[in-house]
Amino acid sequence: MAESEEEVDVLVQRVVKDITNAFKRNPNIDEIGVIPCPEARYNRSPIVLVENKLGVESWCVKFLLPSVHNKLLLYRQRKHWLDREALADITCTLLLLNPDFTTAWNVRKELLQCGALSPEKDLYLGKLALTKFPKSPETWIHRRWVLQQILLQSSGRSRKHPQSEEEQAEGEQADGEHSRRLGVLLARTLHQEMKVCSDAACRYPSNYNAWSHRIWVLQHMATGNVKVFHDELSSMRLWVSMHVSDHSGFHYRQFLLKELIAELSQAPASTTSSKGIPQHLCSTLPGSSPPLPGHDQANGEEADEEGRQLGSTTLLQLFHQEVELCTDLIQSFPGHETLWSHRRHVYYLWHNWRREHQCHRGSNAGSEPDHLDNGPAGPLKACAQSPAGGGQDGVNGQRHASDSMQVDGASLPDPRNSKRLKRGALLPGAPALPSELGFVSGILDSGCNPEQRRFALAYRKWLDTVIGTRQKI
């Protein structure tokens, strides 16, 4: 084992070179790790590459990490010179072993800005570091910075204004091709980020940093893409069913619900049917066909009303599906506080949205019956006899910056139902206070365990003190 300073320096140079060569031999490495090995038993490299897995024998880490750390600090203090290639190799080795070293990420920022590194390469390095350290805050911060550079580059590229008509036609064609490639790049980057976040969340329970990054990515890279938000909500259904105690995962689902509510509750027909919705879905929306000559203002108002009615129906379906999910998970996995907190959150979202919807309809069309009324003649009477319900904690009631939302064909209501809704037909099942109280009573009467009983009683108390009081006002 190396002990003298010269031997350590030779060992470090060899290990750094072996790591660099490993990435050259296999550019598809997808995981790193430290192999428990107290001492060097064989005269061979401590870097092990098996298929797509890269391992570092633990005996060399105590020599490797301090050495590359000191070299980088000396470089920042201008006491030691390193070229760009050496800086890239040293920072790569250092960050794979200690990704929370901010100075190393800052050096790579400088290398990226001067063109010595590509954004894709830094995203790949961060992805590997997260396989060993899935909660590393500095890695997530640097990852957001790199994504911001990609967005700035994509939005800041402008072409010189052409002079002739021929040049203008060529320029428009080139711009169209550039926009298409850019869209493909951003879509691929978005998909990769979602996968990186999912892998990190599976490796570390309640990984707040990973879920916060996932929210940031949607807010900055999925603006106007409605389908992404609904697809995320659908895909997360299986994940939360397998991680019923992960508060951060359910918080992410609540964020998606808030975004969908913010868009669908205020989008008229023209907005609902034109922002990012595929053609085959636009054709199914009421009022989405081209306007005929002679259409007057009344027809436009009618189309807007149909659009708002469609948005309300879609939201009711989302609430109904979320309530069913909460009910199934609470009954299948008793005694998990996360599930009851999520139910409270969903019901609070529903309660606030329903109040706002009633106020809006009362101010704009006071003479029209409110199809969301929870009275004896309202459609929610049917829900009161069903155990489906939902809730939310009022602490997180703030609304995030909203993007244009879209739901896929599975969630869009049948456009033929729009006229039935005007006649007062039943809307999809939605939460109601009697149904929630009935659900809690059913849980308490089923002989549940002490934890489940305690959460059920706390939820019933919240319904009585918060929701019941607000309904009386």
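Structure report, in brief. All values derive from a computational prediction rather than experimental measurement.

**Considerations on the overall build of the protein chain**
Point 1. Along the backbone of the protein chain there are 17 helices and three strands.
Point 2. When the 473 residues of the protein chain are sorted by exposure, 45% land in the buried category.
Point 3. Residue pairs at least 24 apart in sequence account for 72% of intrachain contacts in the protein chain once pairs closer than 6 positions are excluded.
Point 4. When the accessible surface of the protein chain is summed, it comes to about 24300 Å², and 51% of that surface belongs to carbon and sulfur atoms.

**Section: the pattern of salt bridges**
Point 1. One pass over the full model with this rule turns up twelve salt bridges.
Point 2. Where E436 meets R343, a salt bridge forms, and the shortest distance between an N and an O atom there is 3.1 Å. With E436 in helix α16 (residues 433-445) and R343 in helix α14 (residues 337-364), this pair connects stretches of sequence that are 93 residues apart.
Point 3. Look at E436 and you get buried, because its relative accessible area is 0%.
Point 4. With a relative accessible area of 0%, R343 lands in the buried category.

**Examining the packing of helix α1 (residues 5-25) against helix α3 (residues 84-97)**
Point 1. In the contact formed by α1 and α3, the axes pass within 10 Å of each other and the chain directions differ by 90°. Between α1 and α3, the interaxial angle falls into the category roughly perpendicular. Facing α1, whose interface residues are V16, I19, T20 and F23, α3 presents D89, C92, T93 and L96.
Point 2. The class makeup of the residues in the contact of α1 with α3 is five nonpolar, two polar and one charged.

**Remarks on the sheet that holds strand β3 (residues 53-57)**
Point 1. Spatial strand order, β1-β3-β2: three strands in an open sheet with mixed pairing. The strands lining the two open edges of the sheet, one partner per strand, are β1 (31-35) and β2 (47-50). Strand after strand, the sheet turns through a mean of 25° between neighbouring axes, direction not considered.
Point 2. By the bridge criterion, five bridges tie β1 to β3 in an arrangement that is parallel. For G33, the partnering residue across the bridge sits in β3 and is G55.

**As for the environment of L318**
Point 1. Tracing the sequence through the fold places L318 in helix α13 (residues 297-332).
Point 2. Among all residues touching L318, those that are not within four sequence positions of it are H230, L233, L260 and L264.

**Topic: the packing of aromatic side chains**
Point 1. The tally for this structure, following the rule as stated, stands at twelve aromatic pairs.
Point 2. Residues W211 and Y252 carry aromatic rings whose centres are separated by 5.3 Å and whose planes lie at 40° to one another, so their mutual orientation is tilted. Remark: Y252 occurs in helix α10 (residues 247-264) and W211 occurs in helix α8 (residues 208-221); sequence separation between them is 41 residues. Grouping residues by exposure puts W211 and Y252 together as buried.
Point 3. Where W340 meets F439, the ring centres are 6.0 Å apart and the plane angle is 45°; that geometry is what we call tilted. Here W340, found in helix α14, pairs with F439, found in helix α16; they are 99 residues apart in sequence, far enough to count as distant.
Point 4. Its guanidinium or amino end placed over the ring of F439, R343 lies 3.7 Å from that ring's centre, counting from NZ or CZ.

**Looking at the nonpolar core**
Point 1. By size, the foremost hydrophobic cluster in this structure holds 57 residues, and its most contacted members are L190, L218, Y252, W340 and Y347.
Point 2. Those residues in contact with Y252 that sit more than four places away from it in its chain are M194, W211, R214, I215, L218, E232 and M236.
Point 3. Residues C60, L87, L95 and L96 belong to the second largest nonpolar core, which totals 39 residues.

Reading the values: rules and limits
- Residues numbered from 1 in each chain as written.
- Predicted model: local features only at pLDDT ≥ 70, side-chain atom pairs only at ≥ 80, totals over all residues.
- Heavy atoms only, no water.
- Helix = DSSP H or I, 4+ residues; strand = E, 2+ residues; numbered from the N terminus.
- Buried < 20%, exposed > 50% of the residue type's maximum accessible area, 1.4 Å probe, protein only.
- Contact = heavy atoms within 4.5 Å.
- Areas by Shrake-Rupley, 256 points an atom, 1.4 Å probe, with all protein chains shown as cover.
- Salt bridge = Lys/Arg side-chain N within 4 Å of Asp/Glu carboxyl O.
- Axes fitted to C-alpha atoms, helices over the stretch in contact; angles between N-to-C directions.
- Parallel < 35°, antiparallel > 145°, perpendicular 65-115°, else oblique.
- Nonpolar A, V, L, I, M, F, W, Y, C, P; charged D, E, K, R; others polar.
- Pairing = 2+ DSSP bridges.
- Phe/Tyr/Trp six-rings, centres within 6.5 Å; stacked < 30°, edge-to-face > 60°.
- Lys NZ or Arg CZ within 6 Å of the ring centre and 35° of its normal.
- Core = buried A, V, L, I, M, F, W, Y, C linked by side-chain atoms within 4.5 Å.

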